[in-house]
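Spelled out, the chains give:
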Amino acid sequence: MIITVQTTLLKENADNQFIFKILNQKLLEKAAELQHFSLRHLEYIDPIYDDVVIYITYNEKNQLRWYIANDVTADITTLINKEMNKLGLQLLT
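The rules behind the values
- Residues numbered from 1 in each chain as written.
- Predicted model: local features only at pLDDT ≥ 70, side-chain atom pairs only at ≥ 80, totals over all residues.
- Heavy atoms only, no water.
- Helix = DSSP H or I, 4+ residues; strand = E, 2+ residues; numbered from the N terminus.
- Expected span 1.5 Å × (residues − 1).
- Buried < 20%, exposed > 50% of the residue type's maximum accessible area, 1.4 Å probe, protein only.
- Arc of directions from axis to C-beta.
- Contact = heavy atoms within 4.5 Å.
- Pairing = 2+ DSSP bridges.
- Axes fitted to C-alpha atoms, helices over the stretch in contact; angles between N-to-C directions.
- Salt bridge = Lys/Arg side-chain N within 4 Å of Asp/Glu carboxyl O.

J.: Kindly report on helix 1 (residues 17-38), identifying the contributing residues and their values.
T.: For helix 1, with 22 residues, the first-to-last C-alpha span of 30 Å sits near the 32 Å given by 1.5 Å per residue. Those residues of helix 1 lying buried are F20, L23, N24, L27, K30, A31, L34 and S38. All buried residues of helix 1 lie within an arc of 135° about the axis, which places them on one face of the element. Exposed positions of helix 1 whose direction lies more than 90 degrees from the buried face are F18, K21, K26 and F37. Its buried side turned inward, helix 1 meets strand 1 (2-7), strand 2 (51-58), strand 3 (64-68) and helix 2 (74-86).

Here's what the structure looks like:
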């Protein structure tokens, strides 16, 4: 399974430029960590050639949330949900 982790960055303006810059940097770091370390072992689970695109973003309370952006089977969704829960990340609702 090919896993890609994307981010939805917060939009900066003059009032929130510094805090959002820090939050966006943390978001990018978390995406890299998820893709290259935390979810790496899932790449060897069948079906190996399916793509899974996961987006991580902040909700209105500046908490990290995630969602799967493409259509995948219920088994893959459940598997990824379990892994993300282990890491303390909640599904975006």
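J.: Give me the sheet that holds strand 4 (residues 90-91): which residues, what numbers.
T.: Sheet strands line up and pair through hydrogen bonds in the backbone, either parallel or antiparallel. Pairing in this open sheet of four strands is mixed, and the strands run 1-2-3-4 from one edge to the other. At either margin of the open sheet sits one strand with a lone partner, and together these are strand 1 and strand 4. Direction of pairing for strand 3 relative to strand 4: parallel, over a ladder of two bridges. Its bridge partner being in strand 4, W66 is matched across the sheet by L91. The strands touched by helix 2 are strand 2, strand 3 and strand 4; relative to strand 3, the strand with the most contacts, the crossing angle is about 165°.

J.: Any chance you could break down unusual backbone geometry for me, citing the residues and the numbers?
T.: Positive phi, close to 60°, is recorded for N62, a residue that is not glycine. Checked against the element boundaries, N62 lands in the loop between strand 2 and strand 3.

J.: I'd like a description of the pattern of salt bridges, backed by residues and values.
T.: Within this structure, the stated rule accounts for three salt bridges. Where E33 meets K30, a salt bridge forms, and the shortest distance between an N and an O atom there is 3.6 Å. Here E33 pairs with K30, and both are found in helix 1, just three residues apart, close to one helical turn. Classification of K30 as buried rests on a relative accessible area of 19%. One salt bridge in this structure joins E43 and R40, with 3.9 Å as the shortest N-O distance. For R40, a relative accessible area of 38% puts it in the partly exposed group.

Keep in mind these values describe shape, not function.
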